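Here is what each chain is made of, one letter per residue.
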Amino acid sequence: ITMEAVYAAPGYLFRRMQQIAVALFLEECRAFDLTPVQYAALVAIHTHPGIDATRLSAVIAFDRSTLGSVIERLEAKKLIVRKPSAEDKRVKLLYLTRPGAAILRDIMPSVAKAQARMLQPLRPPEREVLRSLLTQLVDLNNESSRVPLRAEDALEYLGKSG
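All values reported here derive from a predicted model rather than from experimental measurement.

The rules behind each value
- Residues numbered from 1 in each chain as written.
- Predicted model: local features only at pLDDT ≥ 70, side-chain atom pairs only at ≥ 80, totals over all residues.
- Heavy atoms only, no water.
- Phe/Tyr/Trp six-rings, centres within 6.5 Å; stacked < 30°, edge-to-face > 60°.
- Buried < 20%, exposed > 50% of the residue type's maximum accessible area, 1.4 Å probe, protein only.
- Lys NZ or Arg CZ within 6 Å of the ring centre and 35° of its normal.
- Helix = DSSP H or I, 4+ residues; strand = E, 2+ residues; numbered from the N terminus.

A. The packing of aromatic side chains, seen in detail. Within this structure, the stated rule accounts for two aromatic pairs. Seen from their ring centres, tyrosine 7 and tyrosine 12 are 5.4 Å apart, and the 45° between their planes marks the pair as tilted. Tyrosine 7 gets classed as partly exposed once you look at its relative accessible area, which sits at 42%. Its guanidinium or amino end placed over the ring of tyrosine 95, lysine 83 lies 5.1 Å from that ring's centre, counting from NZ or CZ.

Next comes the structure, spelled out in structure tokens:
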């Protein structure tokens, strides 16, 4: 067993790239005080107004129990509001506020810059190959995740596409 073997292992490399991706996102988006998961939640709520936390969890593939604290932080920042469902008052539906919509609009260039910086060391054709291979790996291994992506199921339940 050597550290070189650890450093070359796919799992180690994915974990390191995740650390780098989060660091670049936080650096580029510092002025907005959002994490990558908060950003993903805002995008999903913007795209699917009235989504509930269970469906949001499925759409962004994020653990439902941890998502509760993400929702609380977004609500405390007044970026989203929770409203009771007309069908079931126990279910809270999520909506962007005006400040939430504004921050989402304003953060987009910074998010794009962070994404570009993640791939910048690669040549353009390598970037496309990497994206394609990562997409394939994520799709083929989705069911192995603690929180598989279930966007289609959630959106079907909501009666929406996208």
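Text resumes after the structure shown.
B. Focus on unusual backbone geometry. Unusually for a residue other than glycine, alanine 61 sits at a positive phi of about 55°. Mapped onto the secondary structure, alanine 61 falls in the loop between α4 (53–60) and α5 (64–76). Judged by relative accessible area, alanine 61 falls into the partly exposed class, the value being 28%. Of note, the phi angle at lysine 78 is positive, near 60°, even though the residue is not glycine. Within the secondary structure, lysine 78 sits in the loop between α5 and β2 (80–84).

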